[in-house]
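Survey of secondary and tertiary structure
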Amino acid sequence: MAGRINDDDVKVVRDAVPIDTVVSEYLQLRPAGGGNMKGLCPFHDEKSPSFQVSPSKGLFHCFGCQEGGDTIAFVMKIDHLSFSETVERLAAKAGITLRYEEGGYNPTHQRGERIRLVEAHKAAADFYVEQLGGEEAAIGRKFLAERGFDQSAAEHFGVGYSPAGWDHLTRFLRGKGFSDKELLLAGLSQDGRRGPIDRFRGRLMWPIRDISGEVVGFGARKLRDDDNGPKYLNTPDTAIYKKSQVLYGVDLAKKDIAKASRAVVVEGYTDVMACHLAGITTAIATCGTAFGTDHIKILRRLLMDNGSARVIFTFDGDAAGQKAALRAFEDDQKFAAETYIAIAPDGMDPCELRLNKGDAAVQDLVEPRTPLFEFAIRQIVSRYDLETPAGRASALDEAGPIVARIKNGASQHEVAVQLAGILGILDTQFVVKRVAQMARWARDRGGRGPAGPASSSSSSASSASSYDSGQSPALSGPALNLRSPAHRTERELLKLALQRPELVSPAFDAYGVDEFTAPPYAAVRRAVEDAGGAEQGMASAPEYLAGVREAAPNDAVRALVTELAVEVFHGKTIDEAYAGEQLVRVRLRAVDLRIHDVTSTLARLGTGADAERHQAVQNELWVLQQYRQSLRNSGAAAL
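First things first, this report covers the structure right here in the doc. These numbers come from a predicted model, not from an experiment. (Residues numbered from 1 in each chain as written. Predicted model: local features only at pLDDT ≥ 70, side-chain atom pairs only at ≥ 80, totals over all residues. Heavy atoms only, no water.)

**Some thoughts on the overall build of the protein chain**
- Within the protein chain, the secondary structure is distributed over 27 helices and 16 strands.
- Split into buried and exposed, the 639 residues of the protein chain put 49% on the buried side.
- Restricting to contacts in the protein chain with at least 6 residues of sequence separation, those with at least 24 account for 66%.
- Accessible area of the protein chain: about 30,100 Å², with a carbon and sulfur share of 49%. (Helix = DSSP H or I, 4+ residues; strand = E, 2+ residues; numbered from the N terminus. Buried < 20%, exposed > 50% of the residue type's maximum accessible area, 1.4 Å probe, protein only. Contact = heavy atoms within 4.5 Å. Areas by Shrake-Rupley, 256 points an atom, 1.4 Å probe, with all protein chains shown as cover.)

**Quick look at the sheet that holds strand E12 (residues 262–266)**
- Strand order in the open sheet formed by five strands is E13-E12-E14-E15-E16, with mixed pairing between adjacent strands. The open sheet terminates on both sides in strands that have one partner only, identified here as strand E13 (283–285) and strand E16 (370–371).
- In this sheet, E13 lies alongside E12 in parallel orientation, the contact comprising three bridges. Bridging from a neighbouring strand, Val264 pairs with Ala283 of E13.
- Here helix H11 (residues 269–277) sits on the sheet in contact with E12 and E13, set at roughly 175 degrees to E13. (Pairing = 2+ DSSP bridges. Axes fitted to C-alpha atoms, helices over the stretch in contact; angles between N-to-C directions.)

**Digging into helix H27 (residues 611–634)**
- The end-to-end C-alpha separation of H27 is 34 Å, in line with the 34 Å expected for 24 residues at 1.5 Å each.
- Here H27 has its buried residues at Val617, Leu621, Leu624 and Leu631.
- Backbone geometry just downstream of H27 places Gly635 in the positive-phi region, at approximately 65 degrees. (Expected span 1.5 Å × (residues − 1).)

**Points about the packing of aromatic side chains**
- Scanning all chains against the criterion turns up 18 aromatic pairs.
- Ring centres of Trp206 and Tyr269 lie 5.4 Å apart, and the angle between their planes is 20 degrees; this geometry places the pair in the stacked category. Highlighted residues: Trp206 in strand E9 (residues 203–209) and Tyr269 in helix H11, separated in sequence by 63 residues. A single burial state applies to Trp206 and to Tyr269, both of which are buried.
- Every member of this aromatic cluster is reached through a ring pair, and the members are Tyr26, Phe43, Phe51, Phe60 and Phe74. (Phe/Tyr/Trp six-rings, centres within 6.5 Å; stacked < 30°, edge-to-face > 60°.)

**So, the pairing of strand E8 (residues 195–198)**
- Here strand E7 (residues 189–192) runs beside E8; their pairing, made up of four bridges, is antiparallel. Looking across to E8, one finds that Asp191 is bridged to Pro196.
- Once E7 ends, the chain turns through two residues before running back antiparallel as E8.

**Concerning unusual backbone geometry**
- For the bond from Ser505 to Pro506, the omega torsion is 10 degrees, close enough to zero to count as cis.
- As for its position among the elements, Pro506 is in the loop between helix H22 (501–504) and helix H23 (519–530).
- Notably, Gln66 is not glycine yet its phi reads approximately 70 degrees, a positive angle.
- Note that Gln66 resides in the loop between strand E4 (59–62) and strand E5 (68–70).
- Even without being a glycine, Ser261 presents a positive backbone phi close to 55 degrees.
- Mapped onto the fold, Ser261 is located in the loop between helix H10 (250–260) and E12.
- Ser261 gets classed as buried once you look at its relative accessible area, which sits at 8%.

**Considerations on the nonpolar core**
- Formed by 62 residues in total, the largest nonpolar core has its most connected members in Leu144, Trp206, Phe218 and Tyr248.
- In terms of residue count, the dominant contributor to this core is helix H5 (residues 113–131) (eight residues).
- Those residues in contact with Tyr248, other than ones at most four positions away along the chain, are Phe157, Trp206, Pro207, Ile208, Tyr269, Val272, Met273, Ile284, Ala285 and Cys287. (Core = buried A, V, L, I, M, F, W, Y, C linked by side-chain atoms within 4.5 Å.)

**Points about the packing of helix H21 (residues 485–499) against helix H25 (residues 555–566)**
- Direction vectors running N to C along H21 and H25 enclose 85 degrees, while the axes themselves pass 8 Å from each other. Taken together, the axes of H21 and H25 are roughly perpendicular relative to one another. Taken together, the residues of H25 that come into contact with H21 (itself represented by Arg491, Leu494, Lys495, Leu498 and Gln499) are Leu560, Val561, Glu563, Leu564, Ala565 and Val566.
- The residue makeup of the contact of H21 with H25, split by class, is seven nonpolar, one polar and three charged. (Parallel < 35°, antiparallel > 145°, perpendicular 65-115°, else oblique. Nonpolar A, V, L, I, M, F, W, Y, C, P; charged D, E, K, R; others polar.)

**Section: the pairing of strand E10 (residues 215–222)**
- Across the eight residues of E10, seven count as buried, placing the element largely inside the fold.
- Sheet topology places E9 next to E10; seven bridges connect them, and they run antiparallel. Bridge pairing links Arg209 to Val215 in E10.
- Counting the residues that bridge the hairpin from E9 to E10 gives five residues, and of these Gly213 lies at a positive phi of roughly 100 degrees.
- In this structure, E10 lies alongside strand E11 (residues 232–234), joined through three bridges in antiparallel fashion. Residue pairing for E11: Gly219 is matched across the bridge by Asn234.

Here it is as structure tokens:
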């Protein structure tokens, strides 16, 4: 067994790869204030961005689902990697050579499975590209040329060729140190009578990359009549490739999709190539499957669902294309973006259109014209005889629920009016009311009754106890009442201690855990103490925060540390005066609570108590009252 990765190397990797750079490979980030960035969370569905990244701290946190951590935690979570696989992947990206304890160098065959499969695909992609220049691949080059793609286009998209023999790639990858088991797991080879043989033979090859740009699969086009396989053959589902979760061309298109708030969804690899070469650099395609929910999640994170976002679907004008368009409409309401459909004249796809009419025709094709809902409605209505009352009524019964699914009330009303026009029903208000009625019925059937009343105190107690016991909280997120001035101030002080320790140190380190009235905040305060105090943060912020997260007793506290480390401050100016104000407020509240306790003790002692004991309690009360007055008069200077 190879040893663990050297701790110092892990730290170097964590510091070398900026978290915002890594996260930006998966979703669009925008400024969130205070030096932070925000975007749509990749770990749960949401309409508005609650996912924040703090580049200066090297942390991310979602205020919706409570996921959080550093760069390594993000990659582990989003790509389902182990810790060592993630560090190895980030190290390779940063050009860092890792050291392994208990045995020194880590042999290649002992690296993480996912890393190995990705490396095998990269080697295969390079192999296929080299083969495209050979004599046997002339048929592949001819295929590309007939569709308007020259050598530079093939190189830009990494198009290659798989030799027609049985095991050319398999033998090549064996020579690179890959085992038969790895080649079978990668889907690059398949079992033959005498051992593994190449899965792809005698075909034109398109590398399929994930959103981060790594090759995870291939799409292979049949070129010869004696090839009895399907026209297109894709990599089977593997540990790194799920066809429902990848979009061809997204690695090339993601930046322009985010920048333009527009995505063009086409049907094939050559259509993506044609669009990009025609200047439509936001084009992407699915890989041998229908456009579905997982594809929408990828696009939503890139588009950020702002009001001007557009998604344009291009489909062939034939029956299959129309069916694909209707299938896409099934998921239309999962977008906040507006969706449109574009069908080229004469039923040509973008590749054919570019070849026959040039780049300008492709650019004109994808200009939004027909909203997808309108296309879907017209396809449904076309099946009925609108010349008869019965036909119009039946068409309304089928098309009405489609319109009723539109969540925005104003849009629903407007589309209902259009539906009345399409159907030829003169009483527009009848159609509007009918659609509204269908929408209410749908809500009633799909909705859930209100939750039963719960005791806020018992909920708080249950969640608070989890922070003390080391168990995960029962509720989503900490049980805190942020309407409470005490909780708000404690939260702000902890944010200062984590984000701007130089403003509150060394005063903060003298504060006791019991000065934080909310159990989750007390747990964070203890984690800071166990990590060496806020004073440690004045040297290296990422190392300090990593230490606090490590000192946290459980995942709930660890998540809260991350949350507080990236959350923006409430104050407009974050300086020593602001920090002093928070320090004083927390201390004043602690002094007030102590005065209340001492006063209660004094009252219980009464006049018959031991004189010495009575005098000691009175003295403590007097000192506390004087200290309180000093805090009120002198502020932070009295700390």
